[in-house]
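Coordinate analysis (summary)
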Amino acid sequence: MRISEFRNSKAEARYRTAYERALARLWRGERTSVDITTGFGTTRVHRAGTAHGEPIVLLPGSGGNSLMWHAYIEPLAARHPVIAVDTLGEPGAGVQTSPVRDAHDAADWLEELLAALDVPAAHLVGCSYGGWIALHHQIRHPGRTATLTLVDSAGLADLRPGFYRWLVLGGMAAMAPRRLRHRLAHRLGNSALLDDELMTLLRASTGFRRRLPLATTLTDDELRAVSAPVLALLGERSALHDAPSTAERLHRLLPAAEIHTVPGAGHSLTTDDPAAVLAAVLSAASRRAS
């Protein structure tokens, strides 16, 4: 299996420039940016907030990076340490050197990262693909996850038949001029298309070749093995999965989990209803702290 990489040095330079520009424009407040070496490559993380307490670790969805959380950093950092991660193998500031072949490798990468950051316990927050990684990490490396907040996470149920169509149409819409893209955002039910800075960064990533494993559905036994406290947010109109049947499965396999279906929200839950996502993350972290 090959690694994720840019098509050529020109594509990489163009993206790096766009990334640094977006970082400067989107990140509010102070931060410390560090590159962490793991067995799979170098991972960029941005740290903010207090230096004390169990950190909130933010994992982005497929095709994204730490900057997808830009609107959340300031309110989270006001109360907790925050670590926003550029998932290795996604377009970001990291450099992959070895393939991530399956869920076990993805979990091991995250474990290496948290260990190198000297994080004995973290409030993991995973959006979509990031939730899939966080779930497998908690199963494979129990004990390091203080709480697990899943934001319309992949891996909880089988994909809806139209998901890949929604994904492809969203990718095409991201390349459209701003006015048309904003109209398409409403028609496609994809509010992420309204974030102009992130769409500029996404367009700059067209020279990036993503080679990561598919987020397959966790088995019943795998979900039962999740031992950390779970708070799951599901988009009522998610293109990823059917919210009612996904909630039923989670209630059955993780009876202690807290599960909320967000009315009117789709798979772009972090931009559809930021208030609901922020409240869920803070609730999970605060409950543990108390």
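For every chain, the first residue of the written sequence is number 1, and numbering continues from 1 along that sequence. Local features are withheld for residues below a pLDDT of 70 in this predicted model, meaning they are given only at 70 or higher, and side-chain atom pairs are given and counted only at 80 or more; totals for whole chains, interfaces and linings count all residues. Calculated side-chain values reflect all of the structure's heavy atoms, with hydrogen atoms and water omitted.

1. Comments concerning the overall build of the protein chain
Counting secondary structure elements, the protein chain contains 11 helices and 11 strands. Computed over C-alpha atoms, the radius of gyration of the protein chain comes to 18 Å, within 12% of the 19 Å expected from 2.2 N^0.38 for 290 residues, which places it in the range of a compact globule. Expressed along its principal axes, the backbone C-alpha trace of the protein chain runs to roughly 50 × 40 × 40 Å. By residue count, 55% of the 290 residues in the protein chain fall in the buried class. The contact criterion used throughout is that any non-hydrogen atoms of two residues lie within 4.5 Å. Pairs at least 24 apart in sequence give 77% of the contacts found in the protein chain among residues at least 6 apart. For the protein chain, the accessible surface area stands at approximately 12800 Å², while carbon and sulfur atoms represent 52% of it. In summary, the charge assignment counts Lys and Arg as positive and Asp and Glu as negative, without counting His or the chain termini. Where a charge sits is defined by one atom per residue type, namely NZ (Lys), CZ (Arg), CG (Asp) or CD (Glu). Of note, the protein chain has its 32 positive side-chain charges centred 8 Å away from the centre of its 29 negative side-chain charges. Strands here mean DSSP runs of E at least two residues long; helices mean DSSP runs of H or I at least four residues long; both are numbered from the N terminus. In this treatment the radius of gyration is a C-alpha quantity, and the globule benchmark scales as 2.2 Å times the residue count to the 0.38 power. Residue exposure (1.4 Å probe, protein chains only): buried if accessible area is under 20% of the type maximum, exposed if over 50%, otherwise partly exposed. Areas reported here follow the Shrake-Rupley algorithm with a probe of radius 1.4 Å; residue values treat only the protein chains shown as occluding.

2. A look at helix H3 (residues 103-116)
Its 14 residues give H3 an end-to-end C-alpha distance of 20 Å, which sits within 8% of 20 Å, the value for a rise of 1.5 Å per residue. For H3, the buried fraction is high: 10 of the 14 residues fall into the buried class. Within H3, burial applies to Ala103, Asp105, Ala106, Ala107, Asp108, Trp109, Leu110, Glu111, Leu113 and Leu114. Packed against the buried residues of H3 are strand S2 (32-38), strand S3 (41-48), strand S4 (56-59), strand S5 (82-85), strand S7 (122-127) and helix H4 (129-140). Note on H3: the residue one or two positions beyond its end, Asp118, has a positive phi of about 60°. Multiplying 1.5 Å by the helix residue count minus one yields the expected span of that helix.

3. Some remarks on the packing of aromatic side chains
Between the rings of Phe, Tyr and Trp (Trp by its six-membered ring), a pair exists once the centres lie within 6.5 Å; its type follows the angle of the planes, with under 30 degrees stacked, over 60 edge-to-face, and the other angles tilted. Counted by the stated rule, this structure contains 7 aromatic pairs. A ring pair is formed by Trp69 and Tyr72, whose centres lie 5.6 Å apart and whose planes are at 75°; its orientation type is edge-to-face. Since its relative accessible area comes to 0%, Trp69 is described here as buried. Here Tyr72 falls in the buried class, since its relative accessible area comes to 3%. An aromatic cluster is defined as three or more aromatic residues linked by ring pairs; in this entry it consists of Phe6, Tyr15, Tyr19 and Phe208. Positioned above the aromatic ring of Tyr129 is the side chain of Arg210, whose terminal nitrogen or guanidinium carbon lies 4.7 Å from the ring centre. The criterion is that NZ of a Lys, or CZ of an Arg, lies within 6 Å of the ring centre and within 35 degrees of the ring normal, and then a charge sits over that ring.

4. Some remarks on a nonpolar patch on the surface
A contiguous nonpolar patch, built from Leu159, Tyr164, Leu167 and Leu214 and spanning about 400 Å² of accessible area, is present on the exposed surface. Within the fold, Leu214 resides in the loop between strand S9 (208-209) and helix H8 (220-224). What makes Leu214 exposed here is its relative accessible area of 62%. Only residues whose relative accessible area exceeds 30% and that form no salt bridge enter a patch; like-charged residues are grouped when within 9 Å of one another, and nonpolar side chains (Val, Leu, Ile, Met, Phe, Trp, Tyr) when within 5 Å. For this analysis, a salt bridge means a side-chain nitrogen from Lys or Arg found within 4 Å of a carboxyl oxygen belonging to Asp or Glu.

5. Remarks on the UniProt feature "domain: AB hydrolase-1" (unreviewed entry) in the protein chain
UniProt positions are given in the numbering used here, feature names are shortened, and annotations may be inferred rather than shown by experiment. What UniProt calls "domain: AB hydrolase-1" (unreviewed entry) maps, in this numbering, to residues 56-280. With 41% helix and 16% strand, residues 56-280 has end C-alpha atoms that lie 12 Å from one another.

6. A look at the environment of Ser62
Residue position: Ser62 is located in the loop between S4 and helix H2 (70-77). Accessibility expressed as a relative area gives 46% for Ser62, which makes it partly exposed. Along the backbone, Ser62 and Glu90 are 28 residues apart, and their C-alpha atoms lie at a distance of 6.9 Å. At 3.3 Å, the side chain of Ser62 forms a polar contact with the side chain of Arg210. Nitrogen and oxygen atoms within 3.5 Å of one another constitute a polar contact, given that in protein one can donate a hydrogen and the other can accept it, and given that sequence-neighbouring residues count only through two side-chain atoms.

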